[in-house]
Amino acid sequence: MRDFLKSTRFKVLLGFLAFLVGIMIYAVTKGGYSVSGASFIHSLTKPFRTASNGISMRVELALDKLTNANDYYKENQELKAQIGELNKQLADYDSMKTELQELRKFVVIKEQHEDFILSQPCGVIGYVTNDPFKSFLIDKGEDDGITPNCPVVTPEGLVGITVNVSANVSTVRTLLSPDLSIAAVCSASPADTGIIEGDILSSEDGNTRLIHVSTENKLRVGDLMVTGGTSGLFPKDYPIGTVKSIGLDTSGLSVAADIKPCVDVTRLTSVIVITDFTGKKEDGADEN
Amino acid sequence: MRIKTPREKRLLYFKTTLRWVLYYAVIFICFLIMVSGTWLKPILLVPAAIAVAVNNNMYASAVTGAMCGFLIDISCDKLFGYNAVLLAFFCILTTLLFELYLRPRFANYMLITAVASYIQCRLDYKFYYQIWNYANVERIFVKYTLRVWVYTVAASLLVYLAVWLINKLLMPKEHLTIEEAIRIIEK
C-alpha cells in the first residue's frame, strides 16, 4: 500500500480524480444548463432511451393488469356508480349550457391565454430514475426555445417547470417536488391564497400540498386551485388541482390542504412548455 | 514470459478489444434498464463498474468507473460529475484491494458491491434529501434508498455473471515458461 501511495500511478489517478472534481464544479456554475458532455450523452442515448422506455412502459402496463385485477374490478364498480351520478349531472349541464349560450350573446369573451407562446408538443422520453417526485425528461430543449424555469403544462393543468435544459432534452420538475413553490388562488373564493409545494407524504399518493392559507378561509373540498401569477414564473389563472382534504398545518397557525393535481404526472406521454407569457419575470429562477 | 508469435499477438489485441466492447455493451444495457419505465430500479451501473474493476488494471477501472458515474448522473438527474468522482474512487479502491489483499471471488465481489452501493445510496440520500430538511424525509430512506440498495445488491448477481462470462471467454491467459511452470509445481 505504501509503495502504491508513492508511485506515479497514484499521482496520475489523483490527477484524474481532481479532473473529475473540476468537471463537477464546472457543472455547478452552469446555472441550469447541462455541460456539453452531458448534452452529448443525452443526444447520443436519446433514441435508445425512447425505444427502451416504450418497451418498458408496455411491459409494466401488461404486468400492472395482472397484479392489480382486484383493484381494477373495485374501481370499475365505483366508476359505474359515478357514471350514473354524472349522467344526472349531464342533464343539468345541458340545460345550463343552453342558458349560458343565451348569456354569451351579451358578453364579449376574450380568447383565453392568447398571450402564451407555446413550444411544440414535447414527448416524454422517460422518468428520472428512482425520483420520488416523478421528475421526467422531454424531447425538446434549448434548440426549441426552451430555457430553465419555463412552465410545463397539459390542456388539463399545470405539470411543473423546466430545470435542466440541454440542446434537445430538458428535465421537468413536477409540482410533487418540495423544491417547487407555486403561488395559488382558489378559483371559487379568490381571497383564499396559499403556496402549492410538494411534500414527501402527499407525493406518495400523487398529490401535492397547499400551505400558508389563512385560518379564515372559505376553502371547500373539490375547489379548484389556480396559479396566482404573482411570482412571474407561472401565468395567472392556470389550473393546478382540486382540494382533496383540508386541515391545520403542523404549527396550527395556518391551514394546509391536500391537492389532487389536474394532471396525473406519473403517467404522462406528452406536454407543452410555455416559453413566454404576459408578466413573465426573466430572472424568475429565484422565485421557485 | 514466453515470446508471443505475431498470430498470438493479433489474437490478444482482438480479444482485448472485443472484451472491452462487450464490457461497454453491458454497461449500456444497464443504463437503458435504469432509464426505462417508472418503477423503482437498481443502480445497475455500480455493480457493473465494480465487476469490471475486479479483473482489470487501475487506469481502465478508473475511466470505466467515471463513465458509469456520468451515466448514473444522467439517468438519476444528479449533478454531472458527482457519481463519476464517487465511482472512479470506488473502482480504484476495488482494483487496489483485489491486487493486494483479495482474491477475485464472487463473495468478495458481492461484499464490495454491497458496501459501495450502500455508500452511494446513502450519500445520495444525504445530499439530495436529508440535507434539505424536508418533512418526513426518513420515509425517502426507507421507501426508496434502502429498497434501491437491496435491488442493486440482488441484481449485481446478474451483472457479475455477464462480466464473468466475458472474462472467461476473452480474458488473456498468462503464458509461462517451462522453468516458471516447474517452479510453481515444485512449490
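Residues numbered from 1 in each chain as written. Chains lettered and ligands numbered in written order. Predicted model: local features only at pLDDT ≥ 70, side-chain atom pairs only at ≥ 80, totals over all residues.

**Some points on the overall build of chain A**
The condition is simple: Numbering goes from the N terminus for both helices and strands, where a helix is a DSSP run of H or I of at least four residues and a strand is a run of E of at least two. Contacts are defined on C-beta atoms placed from the backbone: any two residues whose C-beta positions lie within 7 Å are in contact.
Per the secondary structure count, chain A includes five helices and 13 strands. Taken along its principal axes, the extent of the C-alpha atoms in chain A is 85 × 50 × 45 Å. When contacts within chain A are restricted to residue pairs at least 6 apart in sequence, those whose partners lie at least 24 apart make up 60%.

**Quick word on the confidence of the model for chain B**
Residues and elements named next belong to chain B. Put simply, the rule reads: One confidence number per residue, pLDDT, is output by the predictor and ranges from 0 to 100.
Taken residue by residue, chain B gives an average pLDDT of 90. The fraction at 70 or more is 94%. Averaged pLDDT values for the elements of chain B fall to 74 in helix α7 (residues 178–186) and rise to 96 in helix α2 (residues 45–54). This prediction of the complex comes with two scores: 0.74 for pTM and 0.79 for ipTM.

**A short note on the sheet that holds strand β12 (residues 255–261) of chain A**
Residue and element names in this part refer to chain A. So the rule is basically this: Between any two strands, at least two bridges found by DSSP are needed for them to pair. Every angle, taken between N-to-C directions, lies between 0 and 180 degrees, and every axis is a line fitted to C-alpha atoms, over only the stretch in contact when it is a helix.
With antiparallel pairing, six strands are arranged side by side around a closed barrel as β7-β8-β9-β12-β11-β10. For this sheet, the mean angle separating the axes of adjacent strands, direction not counted, is 40°. Pairing geometry for strand β7 (residues 181–186) and strand β8 (residues 193–197), over five bridges, is antiparallel. When the bridges of β8 are listed, A184 appears paired with G194.

**Details of the domain arrangement of chain A**
Rules: An automatic or database domain assignment is the source of the domain bounds shown.
The assigned domain composition of chain A is domain 1 (62–112) and domain 2 (117–276). Placing the centre of domain 1 of chain A and that of domain 2 of chain A at their C-alpha centroids yields a distance of 23 Å.

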